[in-house]
Amino acid sequence: NYGDSLRSIIHTDNGGENWSYQSVPANATGLNSVFFKDNYNGWAVGWGGTLLYTNNSGENWMLIGPYTNSDLRDICFVNSDVGWICGDRVLLKTEAGGLNWELKQTDHSGECMFFINEDIGWIVGGITLIKTTNGGITWEEYYTYFNANDIVFLNEEIGYAARTWDGNIMYTLNGGVTWGKCLP
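To start, this report covers the structure provided alongside it. Note that the structure is predicted; figures quoted are calculated from it, not measured.

## Notes on the overall build of the protein chain
Regarding its fold elements, the protein chain presents one helix and 18 strands. Computed over its C-alpha atoms, the radius of gyration of the protein chain comes to 16 Å, within 12% of the 16 Å expected for a compact globule of 184 residues. Dimensions of the protein chain, computed from C-alpha atoms along their principal axes, come out at roughly 45 × 35 × 25 Å. For the protein chain, buried positions account for 42% of its 184 residues. Across the protein chain, the fraction of contacts at a sequence separation of at least 24, relative to all contacts at a separation of at least 6, is 29%. Roughly 9800 Å² of accessible area belongs to the protein chain as shown, and the carbon and sulfur atoms make up 48% of that amount. On the protein chain, the mean spot of the 9 positive side-chain charges and the mean spot of the 21 negative ones are 6 Å from each other.

Right, here's the structure in full:
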């Protein structure tokens, strides 16, 4: 059932040999991303501001919030305290290990993000990449002219993005200012 797959989290404990469904609240919809900061504490985000939390390795998931009604696309933690969620014209930040979240409105929608530390991070949405160098106090905007469904940086300068519409891998050598296509 397609509707059930939109609110499913699957789990493996044997390296991917077998997978099992974990129980999530019935009103959790359109799950887009899951992140575990350790073996026990995890979060999942989805449509309509869905934010789920588990403290027992996913045996039980509970809804927390709501902090927004916007669709949430991605979640990550920089360390045990600082985490980020991006979505449709919304950013959420925690500095309390995910126990509470602060709403950070933005003019940008984020599909995916990557932080290398508490201060430096990138969020991609549509043809726009935004970058912070001060923990999200301010964001600088760059146009990438490509949609990405994942982004990763090796350091402050070298990064890669998977381009949505044609499957190409893009790279930057200057922190996201300019991008090129990786050769096959």
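So, next bit.
## Points about the nonpolar core
The biggest cluster of nonpolar side chains holds 13 residues, and the ones touching the most others in it are Leu-129, Ile-151 and Trp-179. Among the elements of the structure, strand E12 (121-125) and strand E15 (148-153) are those that each provide at least two residues to this core. Element by element, the count of residues in this core is highest for E15, at three residues. Every residue in contact with Trp-179, bar those within four places of it in the chain, is listed here: Leu-129, Thr-144, Phe-146, Ile-151, Phe-153, Gly-159, Tyr-160, Ala-161, Met-170, Tyr-171 and Thr-172. Counting 11 residues, the second largest nonpolar core, distinct from the first, contains Val-45, Tyr-53, Ile-75 and Leu-92.

## Points about the pattern of salt bridges
Per the counting criterion, the structure on display carries four salt bridges. Note that Glu-111 is salt-bridged to Arg-73, the shortest N-O span being 3.5 Å. Of the two residues, Glu-111 sits in the loop between strand E10 (102-105) and strand E11 (112-115) while Arg-73 sits in strand E7 (residues 72-77), which places them 38 residues apart along the sequence. Since its relative accessible area comes to 35%, Glu-111 is described here as partly exposed. Among the charged side chains, a salt-bridge network with shared partners connects Arg-73, Asp-88 and Glu-111.

## A closer look at the sheet that holds strand E14 (residues 140-143)
On the basis of which strands lie adjacent, the open sheet formed by four strands has the order E11-E12-E13-E14 and antiparallel pairing. Across the chains shown, the open sheet's two edge strands, defined by having one partner strand only, are E11 and E14. For this sheet the average axis-to-axis angle between neighbouring strands, irrespective of direction, equals 20 degrees. In this structure, E11 lies alongside E12, joined through four bridges in antiparallel fashion. By the bridge assignment, Cys-112 is partnered in E12 with Val-124.

## Observations concerning the pairing of strand E17 (residues 169-172)
Working note: regular strand, side chains alternate between the two faces of the sheet. The alternating pattern of E17 places Met-170 and Thr-172 on a buried face, while none of Ile-169 and Tyr-171, on the opposite face, is buried. In terms of strand pairing, strand E16 (residues 159-163) meets E17 through four bridges, oriented antiparallel. For Gly-159, the partnering residue across the bridge sits in E17 and is Thr-172. Taking the residues that link successive antiparallel strands as the turn, the E16-E17 hairpin has five residues, and the phi of Gly-167 there is positive, at about 80 degrees. In terms of strand pairing, E17 meets strand E18 (residues 180-181) through two bridges, oriented antiparallel. Looking across to E18, one finds that Met-170 is bridged to Lys-181.

How each quantity is defined
Residue numbers restart at each chain and count upward from 1, following the sequence in its written direction. This being a predicted model, a pLDDT of at least 70 is required before a residue's local features are given, and a value of 80 or more before pairs of side-chain atoms are given or counted; all residues contribute to the totals for chains, interfaces and linings. Only heavy atoms go into the side-chain values, all of them from the structure, while hydrogens and water stay out. The helix and strand labels rest on DSSP assignments: H or I over at least four residues marks a helix, E over at least two residues marks a strand, and numbering proceeds from the N terminus. With C-alpha atoms as the basis for the radius of gyration, the globule rule is written as 2.2 Å multiplied by the number of residues raised to the power 0.38. Relative accessible area decides the class of each residue, using a 1.4 Å probe on protein chains only: under 20% of the type maximum gives buried, over 50% gives exposed, and in between gives partly exposed. Should any heavy atoms of two residues lie within 4.5 Å, those residues are counted as being in contact. Per-residue accessibility takes into account occlusion by the displayed protein chains alone, with areas from the Shrake-Rupley method and a 1.4 Å probe. Counted charges follow a simple rule, with Lys and Arg positive, Asp and Glu negative, and His plus the chain ends left uncounted. For this purpose, a charge sits on NZ of Lys, CZ of Arg, CG of Asp or CD of Glu. Definition used in this section: a nonpolar core is a set of buried Ala, Val, Leu, Ile, Met, Phe, Trp, Tyr and Cys residues joined via side-chain atoms within 4.5 Å. We define a salt bridge as a side-chain nitrogen of Lys or Arg found within 4 Å of a carboxyl oxygen belonging to Asp or Glu. When DSSP finds two or more bridges between two strands, those strands count as paired. The angle between two axes is taken between their N-to-C directions and runs from 0 to 180 degrees, where each axis is a line fitted to C-alpha atoms and a helix contributes only its stretch in contact.

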